[in-house]
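# Observations on the model geometry
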Amino acid sequence: MRPVLNKALLVVALSLPVPALAEIEIPTGPEVGTVTREEGLEAWERMFAVVSHPRCANCHVGPSDRPMWSGESYGRTRPHGMNIRAGESRIGAETLPCATCHLGENSDVAHSAPAVPDDWRLAPVEANWFGQSAQTICNQLRDPELNGDRHYTEIAEHLGHDVILHWAWKPGGNREPAPGTLEAHIEDILVWGAAGMPCPG
């Protein structure tokens, strides 16, 4: 009986309408070869501060289907409460859809579930960032097999149109935002890419 229910939940979740995404314009960025390796590594350091921050890393848990709770507001690092599992669907279709609580508009109420006008979800398994080193994440981001087969400019474009990523800089309430701004992060990606996507180590 349970496999039938799981399949039904997955069909329902996948058939829900996807809201329009908020687009931001992506700058052209510097030409390849016009940025030094050192400048690229400096851009990467700022990028790593973002991707390793709880606003991003908590849902970039790799093969695990359990989002994490980490950061100052949680006191200690631990898996998401209530035994939440996102399943292979990464949106909780097999158990409890993430959108059950992470629904609609963001709230400033303390300890309320954050939300965006899009499907709340875990990042793909290949985007395994939680607890990983700068070198490991850097190599993931420049590997087409691990980054969704994206050129670095497409990574920047992905940030421009995926509203769930925008939330990291505007998390609402007393939640600590990701460092810097979304626009600065996109610019760093373009600088890093133009420098040849250098990684530390």
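Everything in this summary refers to the structure shown in the same document.

## Description of the nonpolar core
Among the nonpolar cores identified, the biggest contains 29 residues, and W44, W129, L141, W169 and W192 are the most heavily contacted of them. Those elements giving two or more residues to this core turn out to be helix 2 (37-51), helix 4 (134-141), helix 5 (152-161) and helix 7 (182-194). In contact with W169, other than residues within four places in its own chain, are V50, L159, P177, A178, P179, G180, T181, L182 and H185. Of all hydrophobic cores here, the second largest spans six residues; its members include W120, V163, I164 and W167.

## What about the state of the cysteines?
The full count for this structure, using the stated rule, is one disulfide. Paired through a disulfide, C138 and C199 show a sulfur-sulfur distance of 2.0 Å. With the S-S bond torsion at -90°, the cross-link from C138 to C199 turns out left-handed. Here C199 lies in the segment after helix 7 and C138 lies in helix 4, a separation of 61 residues in the sequence. Just as C138 is buried, C199 falls in that class too. In this structure C56 is a free cysteine whose sulfur lies 9.4 Å from that of C59, the closest cysteine sulfur available. The thiol of C98 is unpaired, and the distance to the nearest cysteine sulfur, on C59, comes to 7.8 Å. According to the relative accessible area criterion, C98 is buried, its value standing at 12%.

Each value, and the rule that gives it
Residues numbered from 1 in each chain as written. Predicted model: local features only at pLDDT ≥ 70, side-chain atom pairs only at ≥ 80, totals over all residues. Heavy atoms only, no water. Core = buried A, V, L, I, M, F, W, Y, C linked by side-chain atoms within 4.5 Å. Buried < 20%, exposed > 50% of the residue type's maximum accessible area, 1.4 Å probe, protein only. Helix = DSSP H or I, 4+ residues; strand = E, 2+ residues; numbered from the N terminus. Contact = heavy atoms within 4.5 Å. Disulfide = S-S within 2.5 Å.

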